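# A look at the structure
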Amino acid sequence: MPTKEVYEYQAPWITYASSWSYRADQPFRFVFGSFIEEYSNKVRIIQLNEENDRFEEKATFDHPYPPTKLQCFPSTNTNHPDLIVTTGDYLRVWEIRENKSVKMKCMLTNNKYSDFCAPLTSFDWSLVDYSMIGTASIDTTCTIWDLNAETIKTQLIAHEKEVFDMAFSPHSTHLFASVGADGSLRMFDLRNLEHSTVMFESDRLKPLLRLAWNKLDPNYLATLPIESSKVVIIDTRFPSRPVAELAGHHSVVNSVSWAPHSSCHICTAADDWQALIWDLQALPEPSEEMSTEPILAYTAKGEINHLQWSTLQPDWVSICFGDKIQTLRV
């Protein structure tokens, strides 16, 4: 069992995309990508060595361009294959072999007849149907993939401008939401893609960069407007107006993660070096003004560009800043 409150790992490059491992037989395993402004980038797997109480490298593999997002297979069940999915120029699926080597399983593209591709900004892996992954692209589309068949299930023009993030409903195989450069958060139903519902539009239609769906209460989503120190919380029962705005940061918020074990806790991280945890238990009706203060605050040693709340170890949160990865006991 981990003995410290904070663990730190120093990478040989700037870190960005990251994911905890979900597998029950691989506790305290962590995957992260490099952010190097050139073609050649890296993805590294590290794991806590409980004998010396330090994170150690397990495997490193090459990745074209910095991964915009990466995620381990989202199940604690060890019967599933040990997979990592990444996005960048394409959607790639990687398989971890015996926790020490990694091989690309497949590369999925929605344009097989051209050497040019529209970069993928993000993706989400369905927690209800593990064969389903959705990608967001700067070409205004969202694409839903069948991972088992390695084919496209459907592709749609989701926004009027670039799509920056998308998320599946944690309780449905049909619903997903997306945000983009047109400043809107839209909800889609795969059973009827001719229509979408605009759940929220930002002030002056400022681009919305990130989207996170509450894992335990599907009524709530969080989104990040560009260059904003606030996190917007949307209640799908009362669309168009935020049910709350979390305004505890002093600089641009970069990342947000709902607690995997609690429907009313959320963590945010920003350029102000802080990671904050909020208790939204008293979420009001949207007609009331809500002034909320974070219940926990951690100050890092630099601008935090990414965070993740561990599903397998729900009392641990990870943050990335500069060339450092830190895991924090909450």
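Rules behind the numbers
Residues numbered from 1 in each chain as written. Predicted model: local features only at pLDDT ≥ 70, side-chain atom pairs only at ≥ 80, totals over all residues. Heavy atoms only, no water. Helix = DSSP H or I, 4+ residues; strand = E, 2+ residues; numbered from the N terminus. Rg over C-alpha atoms; globule rule 2.2 N^0.38 Å. Buried < 20%, exposed > 50% of the residue type's maximum accessible area, 1.4 Å probe, protein only. Areas by Shrake-Rupley, 256 points an atom, 1.4 Å probe, with all protein chains shown as cover. Lys, Arg positive; Asp, Glu negative; His and termini not counted. Charge placed at Lys NZ, Arg CZ, Asp CG, Glu CD. Phe/Tyr/Trp six-rings, centres within 6.5 Å; stacked < 30°, edge-to-face > 60°. Lys NZ or Arg CZ within 6 Å of the ring centre and 35° of its normal.

Turning our eyes to something else, we now look at the overall build of the protein chain. Within the protein chain, the regular secondary structure consists of zero helices and 28 strands. What you see for the protein chain is a C-alpha radius of gyration of 19 Å, in line with the 20 Å of a compact globule of 330 residues. Its C-alpha atoms put the protein chain at 55 × 50 × 35 Å along the principal axes. In the protein chain, which comprises 330 residues, the share counted as buried stands at 55%. Carbon and sulfur atoms make up 47% of the accessible area of the protein chain, which amounts to about 14,500 Å² in all. Distance between charge centres in the protein chain, computed from 28 positive and 43 negative side chains, equals 5 Å.

If you walk through the whole model with that rule in mind, you get 15 aromatic pairs. Ring geometry for tryptophan 20 and phenylalanine 30: centres 5.4 Å apart, planes at 85°, overall edge-to-face. Highlighted residues: tryptophan 20 in strand 2 (residues 15–20) and phenylalanine 30 in strand 3 (residues 29–34), separated in sequence by ten residues. Classification of tryptophan 20 as buried rests on a relative accessible area of 1%. One cation-aromatic arrangement involves lysine 69 over phenylalanine 123; the distance from NZ or CZ to the ring centre is 5.2 Å.

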